[in-house]
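Tertiary structure, described
For reference, the chains in residue letters:
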Amino acid sequence: AQTVTQSQPEMSVQEAETVTLSCTYDTSESDYYLFWYKQPPSRQMILVIRQEAYKQQNATENRFSVNFQKAAKSFSLKISDSQLGDAAMYFCAYRSVYNFGNEKLTFGTGTRLTIIP
Amino acid sequence: KAGVTQTPRYLIKTRGQQVTLSCSPISGHRSVSWYQQTPGQGLQFLFEYFSETQRNKGNFPGRFSGRQFSNSRSEMNVSTLELGDSALYLCASSLVGVTGSSYEQYFGPGTRLTVT
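Calculation criteria
- Residues numbered from 1 in each chain as written.
- Chains lettered and ligands numbered in written order.
- Predicted model: local features only at pLDDT ≥ 70, side-chain atom pairs only at ≥ 80, totals over all residues.
- Heavy atoms only, no water.
- Helix = DSSP H or I, 4+ residues; strand = E, 2+ residues; numbered from the N terminus.
- Rg over C-alpha atoms; globule rule 2.2 N^0.38 Å.
- Buried < 20%, exposed > 50% of the residue type's maximum accessible area, 1.4 Å probe, protein only.
- Contact = heavy atoms within 4.5 Å.
- Areas by Shrake-Rupley, 256 points an atom, 1.4 Å probe, with all protein chains shown as cover.
- Lys, Arg positive; Asp, Glu negative; His and termini not counted.
- Charge placed at Lys NZ, Arg CZ, Asp CG, Glu CD.
- Buried area = accessible area lost by both parts, 1.4 Å probe.
- Salt bridge = Lys/Arg side-chain N within 4 Å of Asp/Glu carboxyl O.
- Polar contact = N/O pair within 3.5 Å; in protein donor to acceptor, adjacent residues only side chain to side chain.
- Pairing = 2+ DSSP bridges.
- Axes fitted to C-alpha atoms, helices over the stretch in contact; angles between N-to-C directions.
- Phe/Tyr/Trp six-rings, centres within 6.5 Å; stacked < 30°, edge-to-face > 60°.

1. Quick word on the overall build of chain A
Within chain A, the regular secondary structure consists of zero helices and 12 strands. When the helices and strands of chain A are listed from N to C terminus, the series reads β-β-β-β-β-β-β-β-β-β-β-β. Relative to the globule expectation of 13 Å for 117 residues, the C-alpha radius of gyration of chain A, 14 Å, shows essentially globular dimensions. Dimensions of chain A, computed from the C-alpha atoms along their principal axes, are close to 45 × 30 × 25 Å. Looking at chain A as a whole, 50% of its 117 residues qualify as buried. Here the contacts in chain A between residues at least 6 apart in sequence split such that 56% fall between residues at least 24 apart. Only carbon and sulfur atoms are counted for the fraction: they give 45% of the accessible area of chain A, which is about 5,800 Å². Placing the 11 positive and 11 negative side-chain charges of chain A at their respective mean positions leaves the two points 3 Å apart.

Here it is as structure tokens:
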């Protein structure tokens, strides 16, 4: 079974600064998807960024980028130019590509990000 | 295109009762997954339905069940409610490709269930 670990329960960053959220995972599979989801207070979960394991290039979405280290099984999220709207709970998630219809997401415990004005 | 909708948004039930939660996926999405979110256990996968068939199931007791209708709407049912069932129940839909798997899931706002 796969596991996802987020070792930072809480993080804070000054507005306009850069912050990196950590995620490690454990799997014996060679191909898989990794995701970062954001869950603002009392609002729904939205996808921030995704990475396919077979792609060596790190994914980037505007101010959000990942550092994917497959050998180390590490998948960190970097948020540049932090904005007040980035305040949320961030979840790292793993999904297998094997087995027909394996839609199951395995989530980490989350990192609560606070933005300091 | 409308997002994933879940009804009701809030629910208060008494221990021993049963409850049914509803999820309407994004138009065209045929896969619906359910997750339970609690402060203690985090986000846990309940089950996933595609074309009215359960394809995958998490490690939950049989009191938790679900179904999917021909229009892809899904319901989950919890019987004999326990205090520990208090949680935010999230539904997610995805567009399944010809390989039978999807690229990403889109979440609804959730149903907050409180069991007293």
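2. Observations concerning the interface of chain B and chain A
Often, the extent of an interface is quoted as the loss of accessible area upon association of its parts. Taken residue by residue, the interface counts 22 residues in chain B and 18 residues in chain A. Interface of chain B and chain A: buried area, both sides summed, is about 1,900 Å²; carbon and sulfur atoms make up 50% of it. Three residues stand out in chain B for area buried against chain A, namely L43, Y103 and F107 of chain B, and they jointly supply 35% of the buried area on that side. Two residues, E103 of chain A and R55 of chain B, come together in a salt bridge whose shortest N-O distance is 3.7 Å. Viewed at the interface, chain A and chain B are joined by seven residue pairs in polar contact (both at pLDDT 80 or more).

3. A look at the sheet that holds strand β7 (residues 64-68) of chain B
All names here are of chain B. Taking strand neighbours across the sheet as the criterion, the four strands line up as β1-β3-β8-β7 in an open arrangement whose pairing is antiparallel. Among the strands making up the open sheet, the edge pair consists of β1 (5-7) and β7. On average, each strand axis in the sheet is inclined to that of its neighbour by 20°, with strand direction left out of account. When β7 meets strand β8 (residues 74-78), the two strands line up antiparallel, connected through five bridges. Each bridged residue has a counterpart across the sheet, and for S65 the counterpart in β8 is N77.

4. Thoughts on the packing of aromatic side chains
A complete count under the given rule lists 16 aromatic pairs over all chains for this structure. On the numbers, 5.6 Å between centres and 45° between planes, the contact of Y35 of chain B with F107 of chain B is tilted. A residue pair is termed long-range when its members are at least 10 positions apart, and Y35 of chain B in strand β4 (residues 31-38) and F107 of chain B in strand β10 (residues 106-107) qualify at 72 residues. By the burial criterion, Y35 of chain B is buried, and F107 of chain B matches it. The rings of Y33, F35, Y37, F91 and F107 of chain A together with Y35, F45 and F107 of chain B are connected pair by pair, giving a single aromatic cluster.

5. Topic: the pairing of strand β12 (residues 111-116) of chain A
Residues and elements named next belong to chain A. Residues T111, L113 and I115 point to one face of β12 and are all buried, whereas R112, T114 and I116, pointing to the other face, are not buried. Relative to β12, strand β2 (residues 10-14) runs parallel, the two being bridged by five bridges. Bridged to Q14 within β12 is I116. One ladder, built from three bridges, connects strand β10 (residues 88-96) with β12; its direction is antiparallel. Following the sheet pairing, Y90 is matched in β12 by T111.

6. What to know about the environment of T109 of chain A
Residues and elements named next belong to chain A. Following the sequence through the fold, T109 ends up in the loop between β11 (106-107) and β12. Along the sequence, T109 and M45 sit 64 residues apart, while their C-alpha atoms lie 14 Å from each other. If we skip the residues at most four places from it in the chain, T109 touches Q6, M89 and F91.

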